[in-house]
Amino acid sequence: MIELQKPAPIQTGASAAQAWLHALELTAPIPRNPDRILFTVIEEIAARSGDQPALLSDRESMTYAELVARANQYARWALEQGLAKGDVVGLLMTNRPEYFATWLGITSVGCIVSLFNTNLVGPSLAHCINIVGLRHLVVSREFVDSLGTVLSQLNGSPAIWSHGVEHASFRQIDLDIRQYSGAAFNTNERRHVTIEDHALYIFTSGTTGLPKAANISHARIMQWSHWFAGMMDVRSTDRMYNCLPMYHSVGGVQVPGAILVSGGSVALREKFSASQFWNDISRWDCTLFQYIGELCRYLLHATPSSHPVDHRIRMACGNGLAPEVWSNFKDRFGIPHIFEFYAATEGGVSLFNVQGKPGAIGHIPGYLMHRFSPPLVKFDVEKEEPARNEQGFCIRCATNEVGEAIGKIVDDPTSVGSRFEGYTDNHATNKKILRNVFAEGDAWVRTGDLMRKDEKGFFYFVDRIGDTFRWKGENVSTSEVSEAICAFPGVKHSNVYGVAIPGAEGRIGMAALVVDGTLDLSAFRNHLTSLLPSYARPAFLRIREDVELTGTFKYSKTDLVRQGYNPAATSDAIYFDSPESKSFVPLDQFLFDRIQAGQIQL
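Everything in this summary refers to the structure shown in the same document. (Residues numbered from 1 in each chain as written. Predicted model: local features only at pLDDT ≥ 70, side-chain atom pairs only at ≥ 80, totals over all residues. Heavy atoms only, no water.)

Examining the side chain of N72
Structurally, N72 can be placed in helix α3 (residues 64–80). Overall, the relative accessible area of 1% leaves N72 in the buried class. Among the polar contacts made by the side chain of N72, one reaches the main-chain carbonyl oxygen of G182 at a distance of 3.1 Å. Ignoring sequence-local partners within four residues, the contact set of N72 consists of F39, S181, G182, A183, A184, F185 and R190. (Helix = DSSP H or I, 4+ residues; strand = E, 2+ residues; numbered from the N terminus. Buried < 20%, exposed > 50% of the residue type's maximum accessible area, 1.4 Å probe, protein only. Polar contact = N/O pair within 3.5 Å; in protein donor to acceptor, adjacent residues only side chain to side chain. Contact = heavy atoms within 4.5 Å.)

What about the sheet that holds strand β4 (residues 112–115)?
One open sheet accounts for seven strands, arranged β7-β6-β5-β3-β4-β8-β9; its pairing is mixed. Of all the strands in the sheet, just β7 (171–172) and β9 (212–217) have a single pairing partner and so form its edges. Pairing of strand β5 (residues 134–140) with strand β6 (residues 159–163), which is carried by five bridges, proceeds in the parallel orientation. Looking at β6, one finds that L137 is bridged to I160. Contacting β3 (88–92), β4, β6 and β8 (198–204), helix α4 (residues 97–107) crosses the sheet at an angle of about 150° to β4. Relative to the sheet, helix α8 (residues 218–231) contacts β8 and β9, its axis offset from that of β9 by approximately 75°. (Pairing = 2+ DSSP bridges. Axes fitted to C-alpha atoms, helices over the stretch in contact; angles between N-to-C directions.)

Quick notes on unusual backbone geometry
A positive phi angle, near 55°, is found at E384, a position not held by glycine. Within the element layout of this structure, E384 appears in the loop between β18 (379–380) and β19 (385–386). Given the relative accessible area of 44%, E384 is considered partly exposed.

So, the layout of surface pockets
Here the second largest pocket is characterised by a volume of approximately 410 Å³. Taken together, 19 residues form the lining of the second largest pocket, with T118, N119, P245, E270 and K271 sitting closest to its centre. (1 Å grid on protein atoms, 1.4 Å probe; cavity = no way out; pocket = protein on both sides within 12 Å on 5 of 7 lines; lining within 4 Å. Points joined across faces, edges and corners; volume = space filled by probe spheres on them.)

Quick look at α8
With 14 residues, α8 extends 20 Å between its outermost C-alpha atoms, agreeing within 8% with the 20 Å of an ideal straight helix rising 1.5 Å per residue. For α8, the tally of buried residues reaches 14 of 14 residues, placing the bulk of the element in the interior. Once α8 finishes, D233 follows within two positions and takes phi at roughly 55°, a positive value. (Expected span 1.5 Å × (residues − 1).)

Side note on the pattern of salt bridges
Applying the stated criterion across every chain, the model contains 30 salt bridges. A salt bridge links E196 to R419; its shortest N-O distance comes to 2.9 Å. One end of the pair, E196, is in the loop between α7 (173–176) and β8; the other, R419, is in the loop between β20 (403–408) and α14 (426–432), with 223 residues separating them in the sequence. Residue classification places E196 among the partly exposed positions, given a relative accessible area of 45%. Between D577 and R525 there is a salt bridge, with its nearest N and O atoms 2.6 Å apart. (Salt bridge = Lys/Arg side-chain N within 4 Å of Asp/Glu carboxyl O.)

None of the figures reported here should be taken as evidence of function without further support.
Set out below in structure tokens:
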């Protein structure tokens with residue numbers, strides 16, 4: 001049983017320059033010590049501070065010594081199954097300390113662990129399992145039933161191991177590993193593994209199509225862990241609250257990695273709960289928490305303004321905090337410092353807003369621009385690719401001009417942070433690479449994200465390529481429209497997307513809203529008119545009880561785009577900005593048919 005002690009007083013945040021210096025100092029030794037992987041680092045800390053809490057949860061907790069012992073059991077299990085270096089084991093499990101121990105141990109002997117999105121079911125789940133070539137699959141009791149529905153769709157015959165539940169067809173791994181020692185490996189027992197070996201497959205959906213498996217090497221795990229430990233100035237007295245999905249690169253690798261390489265503790269929750277978030281923060285006495293996507297907006301709207309929030313948080317770290325939420329969230333909950341960053345699971349481009357400037361996703365110090373600053377190139381929305389000049393090269397954006405961020409692909413083993421390791425699918429990897437960008441033969445990785453950089457060098461996210469659409473010959477940024485909508489009192493959530501109109505080029509704007517009480521449509525229309533040009537104002541509004549989020553707290557648009565503005569496709573109220581009455585009017589079937597027939601000029 002772990003005895004929790006109060007952490008030391010909150011550390012004041014390091015300056016931006018100190019944060020960069022600390023991150024560089026921690027990551028510089030990684031390529032010089034290729035045999036030192038994350039397991040090695042945690043094992044070293046366990047040798048010094050074995051009783052220090054490592055992973056905490058209501059279900060189970062582990063000290064550093066217990067974490068290493070559990071990982072060693074999984075490592076010996078993998079060897080006993082005859083798994084060779086590079087063989088793949090799948091993991092379909094809810095958030096818990098056991099999750100981290102499982103992949104930490106199996107990867108320590110050279111196997112690759114594929115982390116599956118626990119929200120996937122049916123064909124999507126079968127697709128992900130099939131594309132990584134599993135030898136074994138570990139599934140916790142929560143997902144045994146969903147896995148059972150796709151067994152007939154799986155290629156090959158991976159051995160299925162249940163965790164936490166007996167099953168007639170599967171062996172139970174949490175019982176089986178009890179036979180293996182958790183003691184340290186001797187020199188001849190452990191397989192040689194270096195930072196150049198693959199460790200994980202983490203799935204990323206991209207903009208279209210089925211999920212893709214990104215290659216994650218031990219080098220990148222070490223880089224993520226130590227870089228963020230430096231940027232956040234993590235100490236052994238820090239406790240990080242993590243309610244993010246552990247199948248994702250942030251919740252599963254970056255968060256625990258940054259804390260554990262520093263000797264701190266991670267408090268895990270199985271899934272995000274807005275009603276329990278601050279209670280968890282307080283009872284675990286956390287000093288840090290991680291956010292992604294719309295998590296902060298949910299917290300802002302879920303916690304009554306009269307409700308006091310007691311915490312010792314010194315920093316919130318994450319990505320996707322909307323500009324219109326930033327200051328309100330920081331002030332409402334008394335967050336001393338917000339550290340926003342931008343990164344892609346597959347690598348190539350990273351940005352860091354150490355200064356905490358509201359709305360910005362990153363800023364590169366002048367003395368490091370030659371190493372880290374990604375160029376922005378002009379983008380052709382109609383062709384959905386970077387624009388080219390007469391010589392066939394890409395065109396750099398001017399200050400505050402919107403373009404796609406790209407990262408230079410460098411063949412340099414010492415530059416771990418700038419690596420692009422691609423996907424298991426070579427075709428998908430090649431589609432991500434842009435060639436002959438500024439010179440013949442150069443190669444750059446596309447981020448798929450539109451950004452702008454201001455005159456002070458701060459980067460701002462504008463939109464995801466594929467979300468931006470064109471209407472009346474103009475580009476419409478869904479994030480900018482959403483920001484304007486959310487500035488109207490009573491709007492809690494706004495999900496903006498484009499829908500097709502018969503006989504019209506491009507897509508017209510539509511917004512799915514969640515509101516407090518009744519929306520004053522007349523005042524709302526006046527608000528939009530004052531902030532947005534006519535082509536950017538949504539022509540259709542869909543009022544919903546709640547929004548659908550992805551597993552990484554981003555708004556889901558797929559079903560909304562498919563259903564469009566057809567009132568027969570939903571029970572939600574839909575309104576149309578009528579050019580005839582210059583007001584939002586209820587959209588019924590008769591009005592829908594008129595629009596479809598081209599009888600209303602848009």
